[in-house]
Amino acid sequence: MATGCCAIANKIASAQVNGRVLNPPNPNEFEGPTSNRSCRDVIFLILFIAFVVGAIVFLVFLALKADPKRLIHGNDQYGNVCGRKNTPYEGVPLSGQDFSQKPYMGMGNVINLASAIATGQASNGATCISKCSNSSTQIAFRCIPVRLDVASNKTEEITRAIFGVSAGNFFRDVGKDLAASWREIVYMCLIGLAFAIIITAMLRFLAGFVVWLTVAIIILGSIAATIYLWVSWHFRSKEVEKMQKDTSGKYSDYEKELMKKQLTGFLVGAIVVSIFTVLTILLLIAMRKRIKLVIALFKEAGKAIASMPLLLLQPVWTCIWLVVICGAFVYGVFFIEASGVPQRVGQTIHFVIPDLILGMRWYHLFAFFWVSQFVLHCQDLTIAGAVALWYFARDKKKLGWPIATSMKRMYLYHLGSIAIGSLIIAIMKMIRFLLKKFEKRLGGANPVCGFLLKCCQCCLWCFEKFLKYLSRNAYIEIAIYGYSFCKAAQKAFNVIVSNAFRIMAINYIGSFVLFLAKVAVVVPTVFIGIEIMKTLNGVVTYAWVPVLLAGLFTFFIAHCFISVYEMTIDALFICFCEDCEMNDGLQKPYFMSKGLMKLVENSKKAIEALEVREKEQQQQAWTTNVVQPNNVYGIPVAQPPPQRPPGYVHGGMTPLHPAYPANSIPPSPSHFLTPPGQ
C-alpha cells in the first residue's frame, strides 16, 4: 500500500499539462486558521480552575461561618443581635436576651454613632428597640439619632432653588415619572438599537466619508483650539498690563495675582495645544496613505459583521456573566464583614474577623479581577476566531458556522491561553489597587511620596493599556495559528512594531470614528425621546429624567455594537498583515479582498492575477470518470467512444485546457488517468 502511494505521488510530481509541470500540493501550505490544534498553556488553566474552586469554597465557608442577620439588624455591646433570641455568652451577664420583638437597632447619640462607624463595633448607647422614635430617622434596620428632615433644611433650600421642589418631593416625583413612562423608555431603547444597527451599516458603506470627515474635524478642532487660546492669552495680557499700570486702587493685589496666574495658565495651554496641533497635522500628513487602510478595514469589518450578525450578541453573554461575577463579589464582601467571631472584652462582646478571613479578602478581590478579565478575554478570542475564519475563507458562501467553530476551538484548546492573558491583566490591576490604597493611607503626609505614587500609578495604567492591546492581538494570532499565549504575544509584538504607523492611524483615527459613531447613536435617540415625552405633558413632571435614563441605556447598546466592530477591525488588520507576510499575490494568492489588495505594494499585478484566476476557475473543466447508465435489466449500456483531442496518446494523460492555477490543489490522480479499455 505504501508503495502504491509513493508511485502515485511520483506520477503526480512528474505529470505535465499543456507543457506545465504539475507540482504536488504542499501539505504545509496555509489554507486558513489551523484546524489541527492541541491544548495550550494547560498549567495555567489548571491553576485558574484551582483558583476559582478555591474562591467558591471560600464563599461556601463564609456562608456557613458568617452571621448575616447580625450585620443586617445590628447588635448591642453585649453581643445580642436584634430581631432574634440570643444565646448567652459566658462571663457576660447581659447577653442572651430575647430580642425577637425588637428588630431595630437604636444607635444612641451622634457621638456613639461616629464611634461605631469608626471601630465597626456596637456603640455604648446602642440597643435593640421595637421601632424608631420620633427623634431619629430609620435607615433599613438602623435608627439614626438625627432628624434628617430637620438637619437638611439647607439642602432642601438648595434643591428647591435648583429644581423648584424639595429633595424628598423631587425623588418621589421622579419615581412616579419612571413608573408612568416605562413604555416610552423601552421605545427609546428600541429606537437606539435601530440607530446602532443603522450606524454600524453606515460605517461599512460610508466609511470613506466618515473617516475623512473625522480627519477634518481633528485638524480644524486643533487649529480652532490653538487660535482660541492664543487670542485669549493676548487679550488677557492686555488686561494684566492695564491692571499693572492702574494706580487708582481699583484692583486689589489678590485680583492682580489671580489674573497673572490665569495668564500663565493660558500661555502654557496655548503652547501645549500648539505643539499638539503641529504634531497632529504632521502625523496625519505622514499617515495619509495609511488612512486608506483604515477606510478599507472599516468596510471589511462591515462585511464581516453582515456575514456574522450574531457577533453582535457576544457582549450580551459577556454582560450576563459579569453581572453574575459582580454579584458573587458583593456576596463575598458582605459575608466577610459578617464573619466576626465573638470575643469577650470585660463585660462586653466584640465581634472580631479572624486573621485568615482578613487575609482572604485579598484572595477574594484578586479572584474578582482574574475571573472578570477571563470572561472579557473569552469574548475577544471568540470574535477573533470568527473573523479569522471569515477572512481566510476563499469562498465566503461556504463559511459554515464560524462563531460556533471559534467557540469550540476556544473551549477545547485555548482556555489556558486566556487564563494566562487574564492573569497578567489581573496582576496589574491588583498592583494599581494596592498603590492607590497605600496613597490613601499616606493621607498627604509626605507630598513627595504622594507625587511619586501618582506617577507610578500613571505609568502602570499606561502599561496595563499596552498589555491589554498586546493580549487582544495575541488572541488573534492564537485564533489563526493555535499558538500558546507567549508565542502568540511575541508574534503579535513583532507585527505591532513592524506596522507601527499603520496601527497609529487605526487607533488614532479609528478610535475617534468609533466615538463619533456612539455619539451618532445617542444624540438622535435623545432628540426623538424629547419629542416622545411631549406626548406625556401633564402626566410626567420631569421629562428629562426618562430621556436621560434612555440615553444611558442607548449608550450602553452603542458601546456593545462598537466594541464588536473595534475588535473586528483589529482582527482584520492582523489577518491582513499575516496575509501580506505569507503570500505575494502571484505565486501565492492573497486571501484578502480587492479593496485591501489595492493597498499592497504589487497591487496591480496581484489584482490582475486574481482576475485571471477567477476567470480560469469559471472556465476550467476537469475530466472526470463517466458513469455508464444501465438498462432495465441492470446491464451497462454500451456508450460510443469519447472524442479524443488531437495528439492523444493511449494510456497517457488527457490534456487539460486551461491549466489549473498556481497553488491550487489538483484533483485525485484517477482524474488524470485514462480508464482501462478505452
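Note: the structure precedes this text.
Scope of this entry: the structure provided in the associated data block. Keep in mind that this is a model prediction, so the values were computed, not measured. (Residues numbered from 1 in each chain as written. Predicted model: local features only at pLDDT ≥ 70, side-chain atom pairs only at ≥ 80, totals over all residues. Heavy atoms only, no water.)

## A short note on the overall build of the protein chain
Okay, so step 1: For the protein chain, the helix and strand inventory stands at 20 helices and 8 strands.
Okay, so step 2: Evaluated residue by residue, the protein chain yields a buried proportion of 40% over its 678 residues.
Okay, so step 3: Nonlocal contacts in the protein chain, meaning residues at least 24 apart in sequence, comprise 71% of its contacts between residues at least 6 apart.
Okay, so step 4: When the accessible surface of the protein chain is totalled, it reaches about 38300 Å², and 66% of it is carbon and sulfur. (Helix = DSSP H or I, 4+ residues; strand = E, 2+ residues; numbered from the N terminus. Buried < 20%, exposed > 50% of the residue type's maximum accessible area, 1.4 Å probe, protein only. Contact = heavy atoms within 4.5 Å. Areas by Shrake-Rupley, 256 points an atom, 1.4 Å probe, with all protein chains shown as cover.)

## Some remarks on the pattern of salt bridges
Okay, so step 1: Using the criterion set out here, one finds 11 salt bridges in the structure.
Okay, so step 2: The partner of arginine 361 in a salt bridge is glutamate 337, with the nearest N and O atoms 2.8 Å apart. Taken together, the positions of arginine 361 in helix α13 (residues 355-391) and glutamate 337 in helix α12 (residues 314-337) put the pair 24 residues apart, joining distant regions of the chain.
Okay, so step 3: Arginine 361 sits in the partly exposed class, given a relative accessible area of 34%.
Okay, so step 4: Residues aspartate 570 and arginine 472 are paired through a salt bridge, measuring 3.0 Å at the closest nitrogen-oxygen approach. Taken as a pair, aspartate 570 in helix α18 (residues 544-582) and arginine 472 in helix α15 (residues 447-481) lie far apart in primary sequence, 98 residues in all. Taken individually, aspartate 570 and arginine 472 each receive the classification buried, so the pair is uniform in this respect.
Okay, so step 5: Here the salt bridges do not stand alone but share partners, grouping Lys429, Arg432, Glu464 and Lys468 into one network. (Salt bridge = Lys/Arg side-chain N within 4 Å of Asp/Glu carboxyl O.)

## Things to note about a positive patch on the surface
Okay, so step 1: On the surface, Arg288, Lys289, Arg290 and Lys292 cluster together to form a positively charged patch.
Okay, so step 2: Along the chain, the position of lysine 292 falls in helix α11 (residues 288-307).
Okay, so step 3: Note on lysine 292: relative accessible area 49%, which makes it partly exposed. (Patch = residues over 30% accessible without salt bridge, like charges linked within 9 Å, V, L, I, M, F, W, Y side chains within 5 Å. Lys, Arg positive; Asp, Glu negative; His and termini not counted. Charge placed at Lys NZ, Arg CZ, Asp CG, Glu CD.)

## Quick notes on the environment of methionine 188
Okay, so step 1: Along the chain, the position of methionine 188 falls in helix α8 (residues 182-205).
Okay, so step 2: Sequence spacing of methionine 188 and isoleucine 532 is 344 residues, and the spatial spacing of their C-alpha atoms is 8.4 Å.

## Some details on the environment of leucine 71
Okay, so step 1: Within the secondary structure, leucine 71 sits in helix α3 (residues 68-73).
Okay, so step 2: For leucine 71, a relative accessible area of 28% puts it in the partly exposed group.
Okay, so step 3: When the C-alpha positions of leucine 71 and cysteine 82 are compared, they lie 9.9 Å apart, and in sequence the two are 11 residues distant.
Okay, so step 4: Those residues in contact with leucine 71 that sit more than four places away from it in its chain are Arg142, Phe334, Glu337 and Ala338.

## Notes on the sheet that holds strand β6 (residues 142-144)
Within a sheet, each strand pairs with its neighbour through backbone hydrogen bonds, oriented either parallel or antiparallel.
Okay, so step 1: As summarised here, the arrangement of the 4 strands in space is β4-β3-β6-β5, forming an open sheet in which the pairing is mixed. A single partner strand is all that each edge strand has here, and the edge strands are β4 (127-129) and β5 (137-139). Mean inter-strand twist for the sheet, computed between neighbouring axes without regard to direction, equals 40°.
Okay, so step 2: As defined by bridge partners, strand β3 (residues 104-106) adjoins β4 across 3 bridges and the pair is classed as antiparallel. Residue pairing across strands places tyrosine 104 opposite isoleucine 129, the latter belonging to β4. (Pairing = 2+ DSSP bridges. Axes fitted to C-alpha atoms, helices over the stretch in contact; angles between N-to-C directions.)

## Brief notes about the pairing of strand β8 (residues 348-352)
Okay, so step 1: Judged from the 5 bridges that link them, strand β7 (residues 341-345) and β8 form a sheet pairing that is antiparallel. Looking at β8, one finds that valine 341 is bridged to valine 352.
Okay, so step 2: Here β7 folds back onto β8 in antiparallel fashion, the turn holding 2 residues, of which glycine 346 has a positive phi close to 70°.

## Quick look at unusual backbone geometry
Okay, so step 1: Although it is not a glycine, aspartate 41 adopts a positive phi angle of roughly 50°.
Okay, so step 2: Position of aspartate 41 among the secondary structure elements: in the loop between β2 (20-21) and α2 (42-65).

## Re the packing of helix α14 (residues 402-442) against α15
Okay, so step 1: Between α14 and α15, the shortest axis-to-axis distance is 10 Å and the interhelical angle comes to 170°. With respect to α15, the element α14 is oriented roughly antiparallel.
Okay, so step 2: Here the residues of the contact of α14 with α15 sort into 17 nonpolar, 7 polar and 7 charged. (Parallel < 35°, antiparallel > 145°, perpendicular 65-115°, else oblique. Nonpolar A, V, L, I, M, F, W, Y, C, P; charged D, E, K, R; others polar.)

## Comments concerning the environment of phenylalanine 366
Okay, so step 1: With respect to the helices and strands, phenylalanine 366 occurs in helix α13.
Okay, so step 2: As for phenylalanine 366 and alanine 426, which are separated by 60 residues in sequence, their C-alpha atoms are 6.9 Å apart.

## Some words on helix α16 (residues 485-498)
Okay, so step 1: The end-to-end C-alpha distance of α16 is 20 Å, a good match for the 20 Å that 14 residues give at a rise of 1.5 Å each.
Okay, so step 2: Check the buried side of α16 and you find it contacts α14, α15, α17 (500-533) and α18. (Expected span 1.5 Å × (residues − 1).)

## Structural notes on the packing of aromatic side chains
Okay, so step 1: For the coordinates displayed, the defined rule picks out 19 aromatic pairs.
Okay, so step 2: Both rings, one in tryptophan 362 and one in phenylalanine 433, keep their centres 6.2 Å apart while their planes meet at 65°; by these two values the pair is edge-to-face. With tryptophan 362 in helix α13 and phenylalanine 433 in helix α14, this residue pair connects regions lying 71 residues apart in the sequence.
Okay, so step 3: The class for tryptophan 362 is partly exposed, based on a relative accessible area of 36%.
Okay, so step 4: One aromatic cluster in this structure is built from Phe48, Phe51, Tyr363, Phe366, Trp370 and Phe374.
Okay, so step 5: Taking the ring centre of phenylalanine 351 as reference, the NZ or CZ of arginine 70 above it sits at 4.3 Å.
Okay, so step 6: Directly above the ring of phenylalanine 591 sits arginine 394, whose terminal nitrogen or CZ lies 3.8 Å from the centroid. (Phe/Tyr/Trp six-rings, centres within 6.5 Å; stacked < 30°, edge-to-face > 60°. Lys NZ or Arg CZ within 6 Å of the ring centre and 35° of its normal.)

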